[in-house]
Amino acid sequence: MTMIAAHIQTVRARIETACLAAGRAPGTVKLLAVSKTFGADAVVQAIATGQTAFGENYIAEAVEKMTAVRESLLALSLISPIEWHCIGPIQSNKTRLVAENFDWAQSVDRLKIAQRLSEQRPPHLHPLNICLQVNVDGGVNKSGVEPDAVLGLAQAVAKLPNLRLRGLMCIPENAPDFIAALAVFTVAKDLFNKINHEGLSLDTLSMGMSADLEAAIHAGSTIVRVGSAIFGDRHSVT
Ligand SMILES: *Cc1c(COP(=O)(O)O)cnc(C)c1O
């Protein structure tokens with residue numbers, strides 16, 4: 001077994017244990033493997049274990065990697081559905097690359113970006129799945145819409161034709177312990193519930209990373225985004 005395969009097994013076991021501890025069915029949490037800064041070979045190793053969903057932060061790097069992964073899979077005669085999630089900041093000049101290449105954009109925090117993604121989504125592709133990134137813990141240098149503006153943004157994004165609003169995403173600061181992490185993730189869960197009470201049917205709450213996925217699952221996460229616990233430490237991040 002490769003190291004990546006062993007790590008994925010460990011992370012899957014952590015997810016299952018956290019679900020059982022929270023009284024949730026293990027199938028209700030999806031593992032997104034965050035492959036930023038790692039090459040196509042690492043992604044292919046993960047795919048070989050059955051992993052299908054990958055998260056990338058750097059858009060141009062990700063699009064090159066997608067091509068390399070497709071070529072490797074062809075060479076290996078490995079057939080697998082793959083889902084690519086954009087989880088990094090999206091500038092206006094990158095929306096076309098996202099709209100044309102990704103299945104999900106989880107880091108949308110402005111209507112203008114959502115409008116461009118909808119306009120630029122090619123008609124032969126399924127609607128782009130969208131999560132709104134929320135600044136749940138008030139981090140000053142963080143992207144993400146402020147909690148009191150999320151409902152309005154959600155209502156506007158839900159009307160855009162080539163997008164499918166799926167839910168919320170957050171990246172809180174590292175909390176000192178489980179209880180503190182749980183409190184912050186619960187803010188996101190409460191917002192998610194509030195938006196659904198207003199009649200939007202969100203089904204996705206993307207929160208929890210290598211260090212805090214247990215607390216996120218306890219609070220109701222449906223997607224955990226895990227990088228270093230699968231692929232190892234990232235060296236230089238550009
Ligand atoms: C890098 C990154 C992750 C993964 O973080 P790890 O701590 O390596 O698991 C998750 N979400 C986002 C948005 C990231 O940028």
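Predicted model only: the values in this text are computed from it and were never measured.

### Quick word on the environment of L191
Here comes step 1: Inspection of the secondary structure assignment puts L191 in helix α7 (residues 178–197).
Here comes step 2: Judged by its relative accessible area of 9%, L191 falls in the buried class.
Here comes step 3: A sequence separation of 105 residues divides L191 from C86, and the C-alpha atoms of the two residues are 22 Å apart.
Here comes step 4: With residues up to four places along the chain from it excluded, the contact list for L191 reads V134, P147, V150 and L168.

### Looking at unusual backbone geometry
Here comes step 1: Of note, T37 is a non-glycine position whose phi angle comes to about 75°, a positive value.
Here comes step 2: Within the element layout of this structure, T37 appears in the loop between β1 (30–34) and α2 (40–48).
Here comes step 3: Exposure remark for T37: the relative accessible area of 29% places this residue in the partly exposed category.

### Brief notes about the packing of α2 against helix α3 (residues 59–75)
When two helices pack together, their arrangement is given by the angle between the helix axes and by the axis-to-axis distance.
Here comes step 1: For the pair α2 and α3, interaxial distance at closest approach is 9 Å and the crossing angle is 55°. For the element pair α2 / α3, the angle class is oblique. In the packing of α2 onto α3, the handedness of the crossing is right-handed. Across the interface between the two elements, A40, V43, V44 and I47 of α2 pack against K65, A68, V69, S72 and L73 of α3.
Here comes step 2: Taken together, the residues that form the contact of α2 with α3 break down as seven nonpolar, one polar and one charged.

### Quick look at the packing of aromatic side chains
Here comes step 1: Considering all chains together, one arrives at two aromatic pairs under this definition.
Here comes step 2: Where F38 meets F231, the ring centres are 5.4 Å apart and the plane angle is 25°; that geometry is what we call stacked. With F38 in the loop between β1 and α2 and F231 in helix α9 (residues 228–231), this pair connects stretches of sequence that are 193 residues apart.
Here comes step 3: What makes F38 buried here is its relative accessible area of 15%.

### Considerations on the site of the ligand
Here comes step 1: Taken together, V34, K36, N57, I87, I171, M209, S210, R225, V226, G227, S228 and R234 form the complete shell of residues around the ligand.
Here comes step 2: Protein contacts shield 90% of the accessible area of the ligand, which totals 390 Å² for the unbound molecule.
Here comes step 3: Spatially, the ligand is embedded in the largest pocket.
Here comes step 4: The residue makeup of the shell around the ligand, split by class, is five nonpolar, four polar and three charged.

### So, the layout of surface pockets
Here comes step 1: Considering only enclosed or pocket space, the largest pocket measures out at about 410 Å³ in volume.
Here comes step 2: Lining the largest pocket are 22 residues; nearest its centre among them are K36, N57, I171, M209 and R234.
Here comes step 3: Among the residues making up the lining of the largest pocket, the classes are represented as 10 nonpolar, eight polar and four charged.
Here comes step 4: There is about 240 Å³ of room inside the second largest pocket.
Here comes step 5: Forming the walls of the second largest pocket are M66, V69, R70, I82, W84, E100, N101, F102, D103, R121, L125 and H126.
Here comes step 6: Among the secondary structure elements, those contributing two or more residues to the lining of the second largest pocket are α3 and α4 (95–101).
Here comes step 7: Of the residues that constitute the lining of the second largest pocket, the class distribution is six nonpolar, two polar and four charged.

Reading the values: rules and limits
- Residues numbered from 1 in each chain as written.
- Predicted model: local features only at pLDDT ≥ 70, side-chain atom pairs only at ≥ 80, totals over all residues.
- Heavy atoms only, no water.
- Helix = DSSP H or I, 4+ residues; strand = E, 2+ residues; numbered from the N terminus.
- Buried < 20%, exposed > 50% of the residue type's maximum accessible area, 1.4 Å probe, protein only.
- Contact = heavy atoms within 4.5 Å.
- Axes fitted to C-alpha atoms, helices over the stretch in contact; angles between N-to-C directions.
- Parallel < 35°, antiparallel > 145°, perpendicular 65-115°, else oblique.
- Left-handed = near helix turned anticlockwise from the far one by under 90°.
- Nonpolar A, V, L, I, M, F, W, Y, C, P; charged D, E, K, R; others polar.
- Phe/Tyr/Trp six-rings, centres within 6.5 Å; stacked < 30°, edge-to-face > 60°.
- Near = heavy atom within 4 Å.
- Areas by Shrake-Rupley, 256 points an atom, 1.4 Å probe, with all protein chains shown as cover.
- 1 Å grid on protein atoms, 1.4 Å probe; cavity = no way out; pocket = protein on both sides within 12 Å on 5 of 7 lines; lining within 4 Å.
- Sits in = over half its atoms within 2 Å of the grid points.
- Points joined across faces, edges and corners; volume = space filled by probe spheres on them.

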